[in-house]
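# Tertiary structure, described
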Amino acid sequence: MQTKLTIISPDDWHLHLRNGEVLSKVLPFTSRHFQRAIVMPNLQPPVLCAADANIYRDEIVAAIPDGHNFTPLMVLYLTEQTDPEDVRKGFLAGELVAVKLYPAGATTNSDAGVKDIEKIYPVLEVMQEIGMPFLVHGEVVDADVDIFDREAVFIDQKLIPIRQRFPNLKIVFEHITTKDGVDYVKSCNENTAATVTTHHLVINRNAMLVGGIQPHYYCLPVAKRELHRLALVQAVTSGDKRFFLGTDSAPHLAQYKESSCGCAGIFNVANTLPILAQVFERENTLENLEKFVSLNGPLFYNLPVNTGTMTLLRSETPHALPDDVVTNDGVIKVFDPKMAIHWRVSQA
Ligand code: DOR
Ligand code: ZN
């Protein structure tokens, strides 16, 4: 049995860091293991222009612990008022790496998002021209579409028309949760990729609903039935370059998840790499973990691969779940994958 794996230092291509005290508490879990992360812009208020992104970047950089080598990659929150020229300038200046589409009402802090996709076509025109990635929360929000179908319906109603209209636009279908999403991405050329979260590789919707409502397994898009989880595992463990890690680690205080209207998001970054090693080991594909976490992302984003390395070690005895994160306002619970995790990141 393989007990040691050394890979190029990984990146996280979809991460929520928040701001203020939560940022300072959660960032070290990312910066100790990941060299870069795509930082989601759904703050309150959101990151609406390049100037906002610069302010947020400075706040993140100030919170990086001494000795950690970490670069935040900043993302603009798309609205129907976004100025295409601000996007162009921000990208060409290296201040913005991508633009994120939140359909209005789809998820946490998405109220300012997009209602009418055609209104953002001028921004997409510029992004296609300059090669800037378009990151998509791919769920429709129509009240008459079942929540478990929202991703599949989004592909037909929104993604296919956008792709037809902008054939050269680089699109990342974020945190895909369905076989439909996998099949769609596989049917496209190299201009379309997808991120996959750690938790969607491990849980299906039973985790959230069986034995009582389990709010710490609630996220958006919601986990789907087992056949979809299996399709995600197959896609990422195959090493296919169109799939890369976006943890979607999304910290919320426990009291806001354990409420009569619990919020969506799973904080998984404290144990993501050990869980992923376990998933890839189970599929006998440990040799492809590096592609998923370290190689496929930079290839799509046209960024250099990291120069450092990371070693993962396997022990006979499984490891305990990391401690919850304590803040002045409450705790943030760490994702419990409900499976034995034998891997850990070597601190050497
Ligand atoms: O579960 C989620 N949490 N999905 C999202 O799209 C947003 C995120 C958050 O910001 O908490
Ligand atoms: Zn997210």
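Everything below is about the structure printed above this text.
Note that the structure is predicted; figures quoted are calculated from it, not measured.

### Let's talk about helix H4 (residues 121-130)
Burial analysis of H4 places seven of its 10 residues in the buried class, the great majority of the element. Considered for burial, the residues of H4 that qualify are Tyr121, Val123, Leu124, Val126, Met127, Gln128 and Ile130. Packed against the buried residues of H4 are helix H3 (84-92), strand E5 (98-101), strand E6 (134-136) and helix H5 (150-165).

### Section: H5
Under the 1.5 Å per step criterion, the end-to-end length of H5 is 22 Å for 16 residues, consistent within 8% with the ideal 22 Å. Along H5, the largest kink reaches about 35° and is centred on Asp156. Residues of H5 that are buried include every one of Arg150, Glu151, Phe154, Ile155, Leu159, Ile162 and Arg163, and no others. Buried-residue contacts for H5 involve E5, H4, E6, strand E7 (171-173), helix H6 (179-187) and strand E8 (192-196).

### So, a negative patch on the surface
A grouping of Asp146, Asp149, Asp156 and Asp180 is seen on the molecular surface, where their side chains present a negatively charged patch. For Asp156, the location among the structural elements is in helix H5. The class of Asp156 is exposed, set by a relative accessible area of 55%.

### Some thoughts on the pattern of salt bridges
Within this structure, the stated rule accounts for 11 salt bridges. For Lys119, the salt bridge is made with Asp116, and the minimal N-O distance between the two is 3.9 Å. Among the residues examined, Asp116 registers a relative accessible area of 34% and is labelled partly exposed. A salt bridge links Glu226 to Arg229; its shortest N-O distance comes to 2.8 Å. Of this pair, Glu226 and Arg229 both sit in helix H8 (residues 226-237), three residues apart, which is roughly one turn of the helix. What makes Arg229 buried here is its relative accessible area of 12%. In this structure, a network of salt bridges that share partners links the residues Glu80, Asp116 and Lys119.

### A few points about the coordination of the zinc ion (ligand 2)
Looking at the metal site, the zinc ion (ligand 2) is ligated by His14 (NE2), His16 (NE2) and Asp248 (OD), spaced 2.1 Å from it. Mapping the donors of the zinc ion (ligand 2) onto the primary sequence gives the spacing H-x1-H-x231-D. Note that His14 is positioned in strand E2 (residues 11-15) and Asp248 in the loop between strand E9 (243-245) and helix H9 (254-257), a separation of 234 residues in sequence. For His14, a relative accessible area of 1% translates into the label buried. Owing to a relative accessible area of 7%, Asp248 belongs among the buried residues under this scheme.

Rules behind the numbers
Residues numbered from 1 in each chain as written. Chains lettered and ligands numbered in written order. Predicted model: local features only at pLDDT ≥ 70, side-chain atom pairs only at ≥ 80, totals over all residues. Heavy atoms only, no water. Buried < 20%, exposed > 50% of the residue type's maximum accessible area, 1.4 Å probe, protein only. Helix = DSSP H or I, 4+ residues; strand = E, 2+ residues; numbered from the N terminus. Contact = heavy atoms within 4.5 Å. Expected span 1.5 Å × (residues − 1). Bend = angle between axes of the 7 residues up to and from the residue. Patch = residues over 30% accessible without salt bridge, like charges linked within 9 Å, V, L, I, M, F, W, Y side chains within 5 Å. Areas by Shrake-Rupley, 256 points an atom, 1.4 Å probe, with all protein chains shown as cover. Salt bridge = Lys/Arg side-chain N within 4 Å of Asp/Glu carboxyl O. Lys, Arg positive; Asp, Glu negative; His and termini not counted. Charge placed at Lys NZ, Arg CZ, Asp CG, Glu CD. Donors = N, O, S within 2.8 Å, 3.2 Å for Na, K, Ca; no water.

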